[in-house]
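Chains, contacts and geometry: an overview
Listed here are the chains, written in short residue letters.
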Amino acid sequence: MPCIVVVCGFFGDTGKGKIISYLALKDKISVAARAGVGPNAGHTVVYGDKTYKVRMIPSAFVYEKCRLLIGPGVLVDQNVFLSEVDLTHAGNRVGLDPQCAIIEPRHIETDRSGHLASEIGTTGTGTGPCNADRVLRKAKLAKDMPTLQSFLTDVPFEVNAAIDGGENVLIEGTQGTYLSLWHGTYPYCTSKDVTASAACSDVGVGPKKVDEVLIVFKAFVTRVGAGPLPGEISWEEAERRGWTEIAAVTGRRRRAAPFNFELAKRAVMLNSATQAAITKIDVLFPECKNAKSFSDLSMEARDFIRKVEKEISIPVTLIGTGPEVWDVVDRRFE
Ligand code: IMP
Ligand code: MG
C-alpha cells in the first residue's frame, strides 16, 4: 500500500482524523501529506488521554516517525499553523510547500461578512476569499513569509520520492465530496474541489501513483452551514438518537440525517474509491462500543455494514467503534 488517499464521502466531519491517525500508527506511514482547502477543516484525534483538534497539521502526527507535509494547494493560516506546531510538538517533522497561499486578516474579515456568512454559512476562516485572491494571482505565498522559512520544502518532490522508494504515503483530504465546488451542492459548498483527484493535485501526485482511495463515511450524515440535506431530522430527534454533534472549528450545531446510500454510491464513483471506512457505528449500535473485530459487532451492525457494501460495491475495511485511535475493527487483517 505505498500510496493511499483518504477522503470523505458526505459533507465532512465523518472522522477522517481518527481513521488517518489509526492508519499512521498501524501502517507506519512514513509521509503524510495534507491536501484540501485549508484551516476550515477540523480533524479530531483522540490518542491516549488527549483530544487534539488539528486544522493544518496532518492527523498522522501521532505516529512520531511520520514526516508531516502540507501541499501547495492548501491555504495556510500562519497563526493556526504555528500554534499546531506547538500543540503537536512535531515542528522538526513538519514541511510546508513554498507555494502554499497565505490567509490574511482581510480574507477572514470578508469571510465573516456579506453573503458568505449570512447565506452560505462558511466557517469564517478566510479560505474562500483567499482562494479567490489566488485565482486573481494576488495572494501571498509561504515563501514570502519570514516566520515560515524554516518549514519550507518541496512537498511534491518529497511525496513522489517517498512513493518511488516504496514507503507508505498517505494523502489527507479534507471537507467532503458534497462540499466540492464542482461536485457538491453549489453554492452551498467550499471554495475548491475536494475529491480524491483534487487531493492528489494539491500535493503534486499524478493519478497513476495512487494505489488505494479510502472513502470515509459516518454511520449517519451531518452537515454544518446552509444547503440541502436529504432526510434531515430535527435537533430534538437527533438528541433522542444520540446523533447531536458540535462543529470542531465553528462550534455550530451539526444538522443530521440517516445514512444516505445514494450519496455514498455516487461519492464512491466520484473518488474512484477502492475501500471504505464507516465511523461511529457505536452511535447507531451502542452494543458495538470499543469492539475490535467484526465478529464482536452485533448482528444488526454487521447487517448494516453488509448492506452498505452491497450498495456501494466496495469493501468496508475499517469500522470505527469509539473515539479513541484504537477503537477500530480492521477487516484488512481478518
Ligand atoms: P468554507 O469552506 O469555510 O468556505 O465553508 C463553506 C461550506 O463548507 C460551509 O457550509 C461550511 O460549513 C462547510 N465546511 C467547510 N469545511 C468544512 C469541514 O471541514 N467540515 C464540515 N463542513 C465544512
Ligand atoms: Mg471536521
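Here, every reference points to the structure presented above.
Report follows, based on the coordinates.

Cut-off values and rules
Residues numbered from 1 in each chain as written. Chains lettered and ligands numbered in written order. Predicted model: local features only at pLDDT ≥ 70, side-chain atom pairs only at ≥ 80, totals over all residues. Heavy atoms only, no water. Donors = N, O, S within 2.8 Å, 3.2 Å for Na, K, Ca; no water. Helix = DSSP H or I, 4+ residues; strand = E, 2+ residues; numbered from the N terminus. Buried < 20%, exposed > 50% of the residue type's maximum accessible area, 1.4 Å probe, protein only. Near = heavy atom within 4 Å. Polar contact = N/O pair within 3.5 Å; in protein donor to acceptor, adjacent residues only side chain to side chain. Areas by Shrake-Rupley, 256 points an atom, 1.4 Å probe, with all protein chains shown as cover. 1 Å grid on protein atoms, 1.4 Å probe; cavity = no way out; pocket = protein on both sides within 12 Å on 5 of 7 lines; lining within 4 Å. Sits in = over half its atoms within 2 Å of the grid points. Salt bridge = Lys/Arg side-chain N within 4 Å of Asp/Glu carboxyl O. Core = buried A, V, L, I, M, F, W, Y, C linked by side-chain atoms within 4.5 Å. Contact = heavy atoms within 4.5 Å. Points joined across faces, edges and corners; volume = space filled by probe spheres on them. Nonpolar A, V, L, I, M, F, W, Y, C, P; charged D, E, K, R; others polar. Pairing = 2+ DSSP bridges.

Turning next to the coordination of the magnesium ion (ligand 2). Expected angles at a metal are 109.5 degrees for tetrahedral coordination by four donors and either 90 or 180 degrees for octahedral coordination by six donors. Each protein donor to the magnesium ion (ligand 2) is listed here as Asp 13 (OD) and Gly 42 (O); together their distances run 2.1 to 2.4 Å. Here Gly 42 lies in the loop between strand E2 (31-34) and strand E3 (43-47) and Asp 13 lies in the loop between strand E1 (3-8) and helix H1 (16-26), a separation of 29 residues in the sequence. Judged by its relative accessible area of 23%, Asp 13 falls in the partly exposed class.

Okay, the site of ligand 1 next. In the vicinity of ligand 1 lie 17 residues, with Asp 13, Asn 40, Thr 123, Thr 190 and Arg 252 positioned nearest. With respect to ligand 1, the side chain of Thr 190 contributes an N or O atom lying 2.6 Å from an oxygen atom. Measuring from an oxygen atom of ligand 1, one finds a side-chain N or O atom of Arg 252 at 3.0 Å. Surface burial for ligand 1 is 96%, taken as the share of its 470 Å² of free accessible area covered by protein chains. When atom positions are compared with the pocket grids, ligand 1 is found to occupy the largest pocket.

Bringing unusual backbone geometry into the picture now. Put simply, Tyr 186 and Pro 187 share a cis peptide bond, and its omega is 5°. The topology assignment puts Pro 187 in the loop between strand E7 (169-172) and helix H7 (196-203). The phi angle at Lys 28 is positive, at roughly 50°, despite the residue not being glycine. Examined against the element boundaries, Lys 28 turns out to sit in the loop between H1 and E2.

Between side chains of opposite charge, pairing is possible as soon as their charged atoms come close. Counted under the stated rule, the structure contains 21 salt bridges. The partner of Glu 237 in a salt bridge is Arg 240, and the shortest N-O contact between them spans 2.9 Å. One end of the pair is Glu 237 and the other is Arg 240, both in helix H8 (residues 235-241) and three residues apart, which spans about a single turn. In this structure, Lys 280 and Glu 245 form a salt bridge, with 2.6 Å as the shortest nitrogen-oxygen distance. Taken together, the residues span a long stretch of sequence, with Lys 280 in the loop between strand E11 (275-279) and helix H10 (281-284) and Glu 245 in the loop between H8 and strand E10 (255-258) at a distance of 35 residues.

On to the nonpolar core. Counting residues in each nonpolar core, the largest one holds 60 residues, and the members touching the most others are Phe 217 and Phe 304. If sequence neighbours within four positions are ignored, Phe 217 has contacts with Gly 9, Phe 10, Thr 14, Phe 259, Ala 264, Ala 267, Val 268, Ala 276, Ala 277, Ile 278, Thr 279 and Ile 312. In this structure, Val 54, Cys 66, Val 76 and Leu 96 belong to the second largest nonpolar core, which totals 43 residues.

The subject of this paragraph is the layout of surface pockets. There is about 850 Å³ of room inside the largest pocket. In this structure, the largest pocket is lined by 42 residues; those nearest its centre are Asn 40, Thr 127, Cys 189, Thr 190 and Ser 191. Going through the elements one at a time, helix H4 (114-120) and helix H5 (127-135) are the ones with two or more residues in the lining of the largest pocket. When residues in the lining of the largest pocket are grouped by element, the largest group, six residues, is from H5. Tallied by class, the residues present in the lining of the largest pocket amount to 17 nonpolar, 17 polar and eight charged. The space that makes up the second largest pocket amounts to roughly 530 Å³. Along the walls of the second largest pocket sit 26 residues, with Gly 15, Thr 44, Glu 245, Arg 254 and Lys 280 positioned nearest its centre. Breaking the lining of the second largest pocket down by element, the ones donating at least two residues are H1, E3 and H10. If one sorts the elements of the lining of the second largest pocket by residue count, E3 sits on top with four residues.

Along E7, one buried face is formed by Val 169 and Ile 171 and the opposite face, lined by Leu 170 and Glu 172, is buried too. Pairing analysis gives four bridges linking E1 to E7, with the strands arranged parallel. Looking at E7, one finds that Cys 3 is bridged to Val 169. Inspection of the sheet shows E2 paired to E7 by four bridges, in the parallel sense. Looking at the pairing, Ala 32 lines up with Leu 170 of E7.

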